[in-house]
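The primary structure of each chain is shown beneath.
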Amino acid sequence: MAKAKNPAFAKATAGKQDNDIMPKLTALCKQRGFIFPSSEIYGGMNSFYDYGPLGVELKNNVKRAWWQAMVYSRPDVVGLDSAILMHPKIWEASGHVQNFTDPLVDCKKCKKRFRADNILEAKGIKPDLGTMKNPPKELQECPECGGELTEVRMFNLMFKTFMGPVEEQANIVYLRPETAQGIYVNFLNVKDSLRLKLPFGIAQIGKAFRNEITPGNFTFRTREFEQMEMQYFVNPKDADKIFEEWKEKRMNWYLSLGMKKENLRFREHEKTELAHYAKKAADIQYLTPFGWQEMEGIHHRSDWDLSRHMEYSGQDLRYADLSTGEKFTPYIIETSAGADRAALMFLLDAYQEIEGGRSTTTESIKESETVLNFDKRLAPVKIAVFPLSKKPELQKPCQEVLDFLRGERLVQYDETGSIGKRYRRQDEIGTPYCVTVDFETLEDKAVTVRDRDSMKQERIKISELKNYFAEKFV
Ligand code: GAP
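One way to put it is that helix H1 (residues 21-31) packs onto helix H10 (residues 339-350) with a least axis distance of 11 Å and a crossing angle of 105°. Between H1 and H10, the interaxial angle falls into the category roughly perpendicular. Judged by residue contacts, Ile21, Met22, Leu25 and Cys29 of H1 engage Leu344, Leu347 and Leu348 from H10. Within the contact of H1 with H10, the residues separate by chemical class into 7 nonpolar, no polar and no charged.

Encoded structure:
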């Protein structure tokens, strides 16, 4: 019997999953045009990736679904697209110049570099960065070769560049490490131009950059990535309640796109591990082959950001509630997701290896099959069109079908190999429907539509195809 073999489906404990899945998924992503190592013909560049023709569709679909849920479906959230390079004082006000650091140690013998907090965590010790000046003995020995470690150095994760032709301290600008600050500094512009009343949110999708010490696990932790962030401005008295509400809403978003419940959980941050801006924080974690990992953070940022920007800019960012006469600095509840990380988790969640195959055709029997069972909204290619054979009489109806279907969604044409092989190829990239044009089409003006998940086939008139798929892709 066909058996689904997807460790990410299993209720396994962290770190106990089949570690094979990451190399297999990475290989599939490269072979099938999802994700390529960046700058590959020059030997690649560690932790940078390029999205190929299918990857860009997947990531765009994730971002579109997020925008739909966060902006189009809500009367109280609007969008923004702020600059990547911003006034350097913003990063002083935000605390990133001073606090956005990781503790770094190097091995004097094997020259490997580690995050000190990761070494301690791996030994079951809660890292307390305040005591790094007198590091515990677990931080003196290299975890790989036993060599002596250097002292802990704090390393700022922001990438710097220079504005203008002179490379000097006064011209330093930073590549933003989060999109959030672009929202805070536009709080007044957005509120006043749209005459918004509290509570309201501002959503943004855009690139962020971090000079991570230990990037890895494919696109999970990279130095250039995209964030999907929403900052919700509230009256301080409502902040705790709204924080809880956003936690649920964000968890439900992943579930609504088909992620399996058993692969998702919350992790509340303890007081000692909170980021410098956070009063409370909860991660939405996903069960990856490399353990439970953060996919999104929901943060109660109190009045940290707006107060600091008032202090550093000298502008009054307080909110005047005309109905009560109150004037106060709004609190902020943030939902912060990674578009690349979400795309990777949707890939992992959809990945299924079926030993022995699902099909009973002799040709493919006993072959292991890979299926990406994405939600239809996320699938890169929505429909594949095949002629049963390359015979010239099938070309015209095939073209007619393609003309009917193209324009609204990505459609792929494939005429190579047996129909069984073509189904396998589409299953492997998660295409929900395959349409076959055969010799009967010449008589009945109908085609066979095959469903990826049920593998059921039905005969549909070409003239009805548009409506048929309009219903399937609501
Ligand atoms: N504005 C708050 C903020 O940036 P964060 O927890 O540092 O919070 C939010 O980042 C999300 O951004 C993470 O949950 C993750 O999805 C994504 N992210 C952060 N660093 C990343 C990296 N190096 N590579 C890929 N995604 C990353």
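Attention shifts here to the domain arrangement of the protein chain. Where interface size is quoted, it is often the accessible area lost as the parts come together. Domain annotation for the protein chain reports domain 1 (24-84 + 180-349), domain 2 (101-156) and domain 3 (381-472). The gap between the C-alpha centroids of domain 1 and domain 3 is 38 Å. Taken residue by residue, the interface counts 6 residues in domain 1 and 7 residues in domain 3. Of the roughly 540 Å² buried where domain 1 meets domain 3, counting both sides, 59% is carbon and sulfur surface. On the domain 1 side of the interface with domain 3, the three residues burying the most area are Leu28, Arg32 and Leu54, jointly 69% of the side's total. At the junction of domain 1 and domain 3, the tally comes to 1 salt bridge. In this structure, the salt-bridge partner of Arg32 is Glu428, at a minimum N-O distance of 2.8 Å. The interface formed by domain 1 and domain 3 includes 2 residue pairs in polar contact (both at pLDDT 80 or more). With 3 residues, helix H2 (residues 53-72) is the single largest residue contributor to the side of domain 1 that touches domain 3.

Further remarks concern the side chain of Arg452. Following the sequence through the fold, Arg452 ends up in the loop between strand S23 (446-451) and strand S24 (457-461). With a relative accessible area of 2%, Arg452 lands in the buried category. Only 3.4 Å separates the side chain of Arg452 from the backbone oxygen of Leu372, close enough to count as a polar contact.

What follows is about the layout of surface pockets. To find leftover empty space, one rolls a probe the size of a water molecule over the atoms. If you add up the space inside the second largest pocket, you get close to 450 Å³. Forming the walls of the second largest pocket are 22 residues, and the residues nearest its centre are Arg64, Gln68, Lys376, Arg377 and Lys382. Of all the elements, H2 adds the most residues to the lining of the second largest pocket, at 6 residues. A domain-level breakdown of the lining of the second largest pocket finds at least three residues from each of domain 1 (24-84 + 180-349) and domain 3 (381-472).

Calculation notes
Residues numbered from 1 in each chain as written. Predicted model: local features only at pLDDT ≥ 70, side-chain atom pairs only at ≥ 80, totals over all residues. Heavy atoms only, no water. Axes fitted to C-alpha atoms, helices over the stretch in contact; angles between N-to-C directions. Helix = DSSP H or I, 4+ residues; strand = E, 2+ residues; numbered from the N terminus. Parallel < 35°, antiparallel > 145°, perpendicular 65-115°, else oblique. Contact = heavy atoms within 4.5 Å. Nonpolar A, V, L, I, M, F, W, Y, C, P; charged D, E, K, R; others polar. Domains from an automatic or database assignment. Buried area = accessible area lost by both parts, 1.4 Å probe. Salt bridge = Lys/Arg side-chain N within 4 Å of Asp/Glu carboxyl O. Polar contact = N/O pair within 3.5 Å; in protein donor to acceptor, adjacent residues only side chain to side chain. Buried < 20%, exposed > 50% of the residue type's maximum accessible area, 1.4 Å probe, protein only. 1 Å grid on protein atoms, 1.4 Å probe; cavity = no way out; pocket = protein on both sides within 12 Å on 5 of 7 lines; lining within 4 Å. Points joined across faces, edges and corners; volume = space filled by probe spheres on them.

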